[in-house]
Structures are given as structure tokens and as C-alpha cells.
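A closer look at the structure
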Amino acid sequence: MNYKMIPLVKTCLPPSNKLIPELEKILYSGYIAQGEKVELFERAFEKLIGSGHSLSVNSGTAALHVALILAGVSVGDEVISTALTAEPTNVAIKMVGAKIRYADVDYETGNISPPSIEANINEKTKTIMVVDYAGIPANVPAIQAISKNYNIPVIHDAAHALGAKFNGLSTGNHFPYSVFSFQAIKQLTTIDGGMLQIQNKEKYEKAKLIRWFGIDKKKTRIENNIQIQGYKYHMNNVNATIGLVQLNQIDRILNAHIENGKYFDEHLNNIPGIELINYYPGSEAAYWLYTLKVENRDGFIKRMAEIKVMASELHKRSDWHDYLNDFNQRLPYLENFYSKMVHLPCGWWLNPEERELIIETIKKGW
């Protein structure tokens, strides 16, 4: 047993003999900006997801921003979102000048509740932001039905959910816009970066302009005529090279998270003081983190720390940030879920011995 603290999240890079030679090639190639490696990475990621068009950017937040612009969200609009997420999900909404109207969560999963989404729709609603929090799939079919009935597009923040599935289809296939993060601690990292998966080809072409100052890279600077607001959101060849090498080991990484998560599902069931996530039928979690609900969370976290295992709720509720709380809504199911929610490590770095230690310690109580 390694008695250093077992972290909740951790960066995974390929073996140096695989990564360093590829990095040296690109670093000394004379062209490290956006180029061929970026194109190759995008096409390889499309193949991994299985549909749509992949637009690489320099962060998941940039991908969210571009998606909101493509969805037509602007000043005075409202976006229905969840307060149980990392801060960038809702900060991005403020970046386009819109207001955040929170839907409550489903107590069984902690993800955004379809009935609450529908109850919050009004004439100002421009889009719905859906998050697969901690890699737990949201209720895709119900949200798709709402989107269709009200003609409101959905942006899927899948930053935690690479490798998740619903009805056999990988996350990234279910909504017009899906956002992935390649930040340092995600399952696939490019050190920093992100990907926006866009189902519509015309929107994809527009997104390429937004990504690079409104400039069409198929034309010379002299031939260009900027007609829309753009940003410096592109990915460079260095990050893309890391991404390409990472894709060679992505199945191993994703499977390790899923194997550990399913093992916890099986062996932490029916323990007093614990409620496990009740996943939607047809959903397959990515298990970026292992999420459960516990009585006496502070005591649980303290007991985990005693065996050198990091456990925490990780993210502060977005509605507890003044800047992200536009309507001061009551969210009773979130209140209940968040008071008990805790995450455990279940990634590729967790070995069988450590996994058993966690299980046996929990069974003894806290």
C-alpha cells in the first residue's frame, strides 16, 4: 500500500517514450500554431464520438462560449441550467450577457430535472444547458423531448462525461452541441484544451470563424472580410499532438474509470448510511468521479482522510456565487442531494488493494 494521499483527480499522460518523440517533432518543425496536427486530432476525435463535426479550442470554457453564440444566446436572454456543476458552465452563460435560470435536480442522480426544466421555460428562454455531472448521464430522452416540443436547442456540457453512453450511443451524439474538456485532470488531456462537437455542418463552418477572430483560414488575410465577432480560441499543434498520442490509450483510461466505478456500485450497495446513484435505464456512466450520498458527510470525509483517501463534494453550488445567482430560486431537491453528496476517487490510478481498503473501511462505519 502506498500511504501517500490517494487523490480525487489526477493527470494521466502517455509513457514518455511515446509522447516525447512526437512532441520533439512538432516543436522543431517550425510550425507549432494551428495546423495539420489540429486537423488530424479533430478528425480522430470525430471517429471516437461517432457523429458530428469536431471543433478543437483552447479550453472547455471556450467551447461553451462558442456553443452559446451558435445557439443565438445574447444579452437579455435566459439559459436554463443546473447549479450542480463546475463554475465554467454558468460563467460562460454570463460571458454572452444572458441570465441563468436554474432548474432543480433529480435527487436520484443529481443531474438537471426534466420536469423542472419545463417548469422554468418562458418567453426569454433561449437554450438549455445540460451537464453530465461527475460522468453521470442526464435523462437524455426526456430532455430531447422537451427540446423538440419547445424548439429550444440543448448545449450538453460533457466535460466530465467522455466515455459515457445513453442507449448505446456515446455522449456527443445526443444534442446539437456537446462540449468536452481536455484540461489537465480530465480522462483525455491535452494539458489544456477542449472540443465542441457540432451536429450541423453550417454551424460548424460558422464556429471555425468564431474560433479565429472571424477570419476564414481558407482565404488569405487580404482576401478576408470579417463580418462576425471572433476570438482567439484555437488549439495549437503542440496540444493537438498530445491529444493524438492520448487517443492511443484512451480506451484503457476510460475503461479503468468505468471498471472501478462499477466495482464500487456492486460492493457499496446496501450499506447503512449510504445511498448510491440510481442511474437512468439505458445510461452508462463514465465515472470521472465516484459519486454517492452519505449521512454525516463530514465524518465520512474525515474517516477517508484517516486512510489517506481524498473525498469531498469538490464543487461549490453555482447558485451560492452572487454573480451566478440571478433569480435567487429555491432548489429543494438540490438542497437535499448536495447536503449528502460526496465523491471518491475511481480513476486509472486506483489499484485493487486501495479499492478494497476504501470498501472495507466504509463497511465499518464512520
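Please read all numbers here as calculations on a predicted model, not as lab measurements.

The next point concerns the overall build of the chain. Along the backbone of the chain there are twelve helices and 13 strands. In summary, the chain has a C-alpha radius of gyration of 21 Å against a globular reference of 21 Å for 366 residues, a match within 12%. Considered along the principal axes of its C-alpha atoms, the chain spans approximately 70 × 55 × 35 Å. Burial status across the chain gives 55% buried among its 366 residues. Relative to all contacts within the chain whose residues are 6 or more apart in sequence, the contacts with residues 24 or more apart total 73%. When the accessible surface of the chain is split by element, carbon and sulfur atoms take 51% of a total near 15,900 Å².

Counted by the stated rule, this structure contains 19 salt bridges. One salt-bridge network, held together by shared partners, links Glu 39, Glu 42, Arg 43, Glu 46 and Arg 211.

With that settled, consider the packing of aromatic side chains. Within this structure, the stated rule accounts for 13 aromatic pairs. Judged by centre distance (5.5 Å) and plane angle (70°), the rings of Phe 45 and Phe 182 are edge-to-face. Within this pair, whereas Phe 45 is found in helix H2 (residues 36-49), its partner Phe 182 is found in the loop between strand E8 (177-181) and strand E9 (194-198), the two being separated by 137 residues in sequence. Here Phe 45 and Phe 182 have matching classes, each one buried.

With mixed pairing, the seven strands of this open sheet are ordered in space as E1-E9-E8-E5-E4-E2-E3. Every other strand in the sheet has two partners, leaving strand E1 (53-57) and strand E3 (99-102) as the edge strands with one partner each. Across this sheet, the average inter-strand angle for adjacent strands is 25°, counted without regard to direction. Direction of pairing for strand E2 (residues 78-81) relative to E3: parallel, over a ladder of four bridges. In the strand pairing of E3, Val 79 is matched with Ile 100. Sheet contacts for helix H4 (residues 87-95): E2, E3, strand E4 (125-131) and strand E5 (154-157); angle to E3, the most-contacted strand, approximately 140°.

You can see Gln 187 is positioned in the loop between E8 and E9. Look past the residues within four positions of Gln 187 in its chain and what remains in contact with it is Ala 159, His 160, Leu 162, Ile 250, Ile 253, Leu 254, His 257, Ala 286 and Trp 288.

This brings us to the side chain of Asp 106. Mapped onto the elements, Asp 106 comes out in the loop between E3 and helix H5 (114-120). Buried charged residue Asp 106 carries no salt bridge. Nearest counter-charge: Lys 293, at 7.4 Å. There is a polar contact of 2.9 Å between the side chain of Asp 106 and the backbone nitrogen of Glu 108. Apart from residues no more than four positions distant in its own chain, Asp 106 is found in contact with Asn 111, Ile 112, Ser 113 and Tyr 280.

Looking now at the sheet that holds strand E13 (residues 341-344). Taken in spatial order, the three strands of this open sheet run E10-E12-E13, and their pairing is antiparallel. The open sheet has two free edges, formed respectively by strand E10 (274-276) and E13, since each of these has just one partner strand. With strand direction ignored, the average angle separating the axes of adjacent strands in the sheet is 40°.

Moving on, we get to helix H11 (residues 332-340). Those residues of H11 lying buried are Leu 334, Phe 337, Tyr 338 and Lys 340. Relative to the axis of H11, the buried residues are bounded by an arc of 165° and lie together on one face.

At a minimum axis distance of 11 Å, the contact between helix H9 (residues 250-267) and helix H12 (residues 352-363) shows a crossing angle of 25°. As far as their axial angle goes, H12 and H9 are roughly parallel. Crossing hand, H9 versus H12: right-handed. Residues Glu 259, Asn 260, Tyr 263, Phe 264 and His 267 of H9 pack against Arg 355, Glu 356, Ile 358, Ile 359 and Lys 363 of H12. Residues of the contact of H9 with H12, tallied by class, amount to four nonpolar, two polar and four charged.

A grouping of Leu 27, Tyr 28 and Ile 32 is seen on the molecular surface, where their side chains present a nonpolar patch of about 360 Å² in accessible area. You can see Ile 32 is positioned in the loop between helix H1 (16-27) and H2. Ile 32 sits in the partly exposed class, given a relative accessible area of 42%.

As a further point, take the pairing of E1. In terms of burial, E1 is a largely internal element, five of the five residues being buried. With burial as the criterion, each face of E1 is covered, one bearing His 53, Leu 55 and Val 57 and the other bearing Ser 54 and Ser 56. Bridging between E1 and E9 involves five bridges; their strand directions are antiparallel. By the bridge assignment for E9, Val 57 is matched with Gly 194.

Here is what the cut-offs are and how they apply
Residues numbered from 1 in each chain as written. Predicted model: local features only at pLDDT ≥ 70, side-chain atom pairs only at ≥ 80, totals over all residues. Heavy atoms only, no water. Helix = DSSP H or I, 4+ residues; strand = E, 2+ residues; numbered from the N terminus. Rg over C-alpha atoms; globule rule 2.2 N^0.38 Å. Buried < 20%, exposed > 50% of the residue type's maximum accessible area, 1.4 Å probe, protein only. Contact = heavy atoms within 4.5 Å. Areas by Shrake-Rupley, 256 points an atom, 1.4 Å probe, with all protein chains shown as cover. Salt bridge = Lys/Arg side-chain N within 4 Å of Asp/Glu carboxyl O. Phe/Tyr/Trp six-rings, centres within 6.5 Å; stacked < 30°, edge-to-face > 60°. Pairing = 2+ DSSP bridges. Axes fitted to C-alpha atoms, helices over the stretch in contact; angles between N-to-C directions. Lys, Arg positive; Asp, Glu negative; His and termini not counted. Polar contact = N/O pair within 3.5 Å; in protein donor to acceptor, adjacent residues only side chain to side chain. Arc of directions from axis to C-beta. Parallel < 35°, antiparallel > 145°, perpendicular 65-115°, else oblique. Left-handed = near helix turned anticlockwise from the far one by under 90°. Nonpolar A, V, L, I, M, F, W, Y, C, P; charged D, E, K, R; others polar. Patch = residues over 30% accessible without salt bridge, like charges linked within 9 Å, V, L, I, M, F, W, Y side chains within 5 Å.

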